[in-house]
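These are the residues of each chain, in order.
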Amino acid sequence: MRNLLLLAAVFCSAALAQAQKGFELGFNFTPANTWILNDEDFAEDQDQDFRGTFGYNLGLTAGFNLTEGFGITTGLLFSKQGQNYITAYDGVAKADQDVFSRNLNYLRVPILIKVNGSTDASSSSFFRIGPYFDLLRSATFSYDDKSILNLDQDKTNMNPYTTPVIGTQFDDIYKKTVIGLMIEMGGQINITESAKMIFALQLTGNFTNTEGEDSPLFFPSSGTLGNATRGNAYNVSGGLTVGFNYIVPMGE
């Protein structure tokens, strides 16, 4: 049995070596529609209506193609996430409604499994899936108050946040690290044997909480003022990836 396993391992290694296509370097840009999903936010109704929000992922990718149809991709991306809001009070013109937004910027490191079709054809389909790790770079909150209170805030830093009156500092409104899942489905056009353009639908969503333990102090929450609680918040996005990949041949 041990000899059979050894023979199988040798056979697989030889097959991978023969089919190896080499390192892959790329540049990707994904304009996207982003959301921050949270139960308390949805329950706000006319006090906090969701608006369309633009974000993006932008950066370099690097991968290794184990065979012509299978590989692993990683990279370093700048990821802009967030959510825009507007009040929806009855009898108030849209121009007089309060508008506000939450803006999150991350360094994103994906680890993706890639499966693609024939590389001999002029074009082929491909699929990438795997986790990503978001490292928080900045978190800001903007508020344009149309009321007589005039509580306008422009890109107020939320990590850390210091209260303007008593000077208390909070460090854990947004978590420093978020883990999520990325899925891309699309196609690639072979410019040359090594150079390829890619186009793909990209869906992302984190499965760890975006916000920290201090978030109930600033955002709509359940419970009393002294015992506020807030459910998990999740960054999700959908967009179209456009990119350029170059394969560095190995063993040829």
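Numbering of residues starts from 1 in every chain and runs along the sequence as written. Reporting of local features is limited, given that this is a predicted model, to residues whose pLDDT is at least 70; pairs of side-chain atoms are given and counted only at 80 or more, and all residues count toward the totals for whole chains, interfaces and linings. Note that water and hydrogens are dropped before the side-chain values are worked out from all heavy atoms of the structure.

**Student:** So what exactly am I meant to see when it comes to the pattern of salt bridges here?
**Tutor:** Put simply, a salt bridge is a Lys or Arg side-chain nitrogen that is within 4 Å of an Asp or Glu carboxyl oxygen. With the rule as written, the count across this model stands at six salt bridges. With a closest N to O distance of 3.1 Å, Arg230 and Asp41 form a salt bridge. Placement of the pair is Arg230 in the loop between β11 (195-206) and β12 (234-248) and Asp41 in helix α2 (residues 39-42), with a sequence separation of 189 residues. Like Arg230, the residue Asp41 is buried in the burial classification. The residue Glu184 makes a salt bridge to Arg128 at a minimum N-O spacing of 2.6 Å. In this pair, Glu184 sits in strand β10 (residues 177-190) while Arg128 sits in strand β6 (residues 123-144), placing the two residues 56 residues apart along the sequence. Counting from the N terminus, the helices are DSSP H or I runs at least four residues long and the strands are E runs at least two residues long. Only protein chains enter the calculation, and the probe is 1.4 Å; a residue is then buried if its accessible area is under 20% of its type maximum, exposed if over 50%, and partly exposed in between.

**Student:** For this particular structure, what's the right way to read the confidence of the model for the protein?
**Tutor:** Caution is warranted with low-pLDDT regions, since their predicted coordinates should not be read in detail. pLDDT expresses, on a scale from 0 to 100, how confident the predictor is about each individual residue. On average, residues of the protein score 86 in pLDDT, and 86% of them are at 70 or above. Across residues 1-20 the pLDDT falls below 50, and counting only partners more than four positions away or on other chains, this stretch makes nine contacts in the model. Here, residues are in contact when the closest pair of their heavy atoms is within 4.5 Å.

**Student:** In this structure, what is going on with the side chain of Asn190? I would like to understand it.
**Tutor:** Mapped onto the secondary structure, Asn190 falls in strand β10. Owing to a relative accessible area of 14%, Asn190 belongs among the buried residues under this scheme.

**Student:** Can you walk me through the pairing of strand β5 (residues 99-116) in this structure?
**Tutor:** It is a general feature of regular strands that their side chains alternate between the two faces of the sheet. Where strand β4 (residues 70-86) meets β5, 15 bridges bridge the pair, whose relative direction is antiparallel. The partner of Lys80 across the bridge, within β5, is Asn105. Paired strands are those between which DSSP finds at least two bridges. In this structure, β5 lies alongside β6, joined through 16 bridges in antiparallel fashion. Considered in β6, the bridge of Ile113 is made with Ile129.

**Student:** Even after reading the chapter, I still don't get the packing of aromatic side chains, so can you show me in this structure?
**Tutor:** The geometry of two aromatic rings is summed up by the distance between their centres and the angle between their planes. Pairing of aromatic rings covers Phe, Tyr and Trp, the last through its six-membered ring, and needs centres within 6.5 Å; plane angles under 30 degrees mean stacked, over 60 mean edge-to-face, and all others mean tilted. A complete count under the given rule lists 13 aromatic pairs for this structure. Both rings, one in Phe29 and one in Tyr56, keep their centres 6.5 Å apart while their planes meet at 45°; by these two values the pair is tilted. Taken as a pair, Phe29 in strand β1 (residues 22-37) and Tyr56 in strand β3 (residues 54-65) lie far apart in primary sequence, 27 residues in all. Among the residues examined, Phe29 registers a relative accessible area of 32% and is labelled partly exposed. Taken together, Trp35, Phe42, Phe50, Tyr85, Phe100, Phe141, Tyr143, Tyr174 and Phe219 form an aromatic cluster joined through their ring pairs. Comment: the charge-over-ring label is applied if NZ (Lys) or CZ (Arg) is within 6 Å of the ring centre and within 35 degrees of the ring normal. Note that Arg108 overlies the ring of Tyr132, its terminal NZ or CZ placed 3.9 Å from the centroid.

**Student:** Mind showing me how you'd approach the pairing of β10 here?
**Tutor:** Pairing analysis gives 13 bridges linking β6 to β10, with the strands arranged antiparallel. Within the sheet, the bridge partner assigned to Phe126 lies in β10 and is Gly186. Sheet analysis places β10 next to β11, joined by eleven bridges and oriented antiparallel. Directly across from Gly186, in β11, lies its bridge partner Ala200. Linkage of β10 to β11, two consecutive antiparallel strands, is achieved through a turn of four residues.

**Student:** How should the nonpolar core be read in this particular structure?
**Tutor:** Nonpolar side chains in soluble globular proteins tend to end up buried together. Counting 18 residues, the largest nonpolar core has Leu104, Ala139, Phe141, Met158, Ile173, Tyr174 and Phe219 as the members making the most contacts within it. Among the secondary structure elements, those contributing two or more residues to this core are β5 and β6. When neighbours within four sequence positions are excluded, Ile173 is seen to be in contact with Met158, Asn159, Tyr161, Glu211, Gly212, Asp214, Ser215, Phe218 and Phe219. Note on terminology: a nonpolar core comprises buried Ala, Val, Leu, Ile, Met, Phe, Trp, Tyr and Cys residues joined through side-chain atoms within 4.5 Å.

**Student:** I would appreciate a short explanation of the environment of Phe100 in the present structure.
**Tutor:** Residue placement: Phe100 occurs in strand β5. Among the residues examined, Phe100 registers a relative accessible area of 9% and is labelled buried. Here the alpha-carbon distance between Phe100 and Tyr143, two residues 43 residues apart in the chain, equals 4.2 Å. The contacts of Phe100, once residues within four sequence positions are left out, are Asp47, Gln48, Gln83, Asn84, Tyr85, Thr87, Phe141, Ser142 and Tyr143.

**Student:** What's the story with empty space enclosed by the protein in this structure? I'm lost.
**Tutor:** Take a probe with the size of a water molecule and roll it over the atoms, and the empty space left behind shows itself. Cavity and pocket criteria rest on a 1 Å grid covering protein atoms alone: a 1.4 Å probe that fits but cannot get out defines a cavity, protein on both sides within 12 Å along at least 5 of 7 lines defines an open pocket, and an atom within 4 Å of a point defines a lining residue. Grid points are joined across faces, edges and corners, and a volume is the space filled by probe spheres set on the points. In total, this model carries two cavities of 30 Å³ or more according to the counting rule given. Asn28, Thr61, Leu77, Arg128 and Met182 are, among the 13 residues lining the largest cavity, the residues nearest its centre. Contributions of two or more residues to the lining of the largest cavity are made by β1, β3, β4, β5 and β10.

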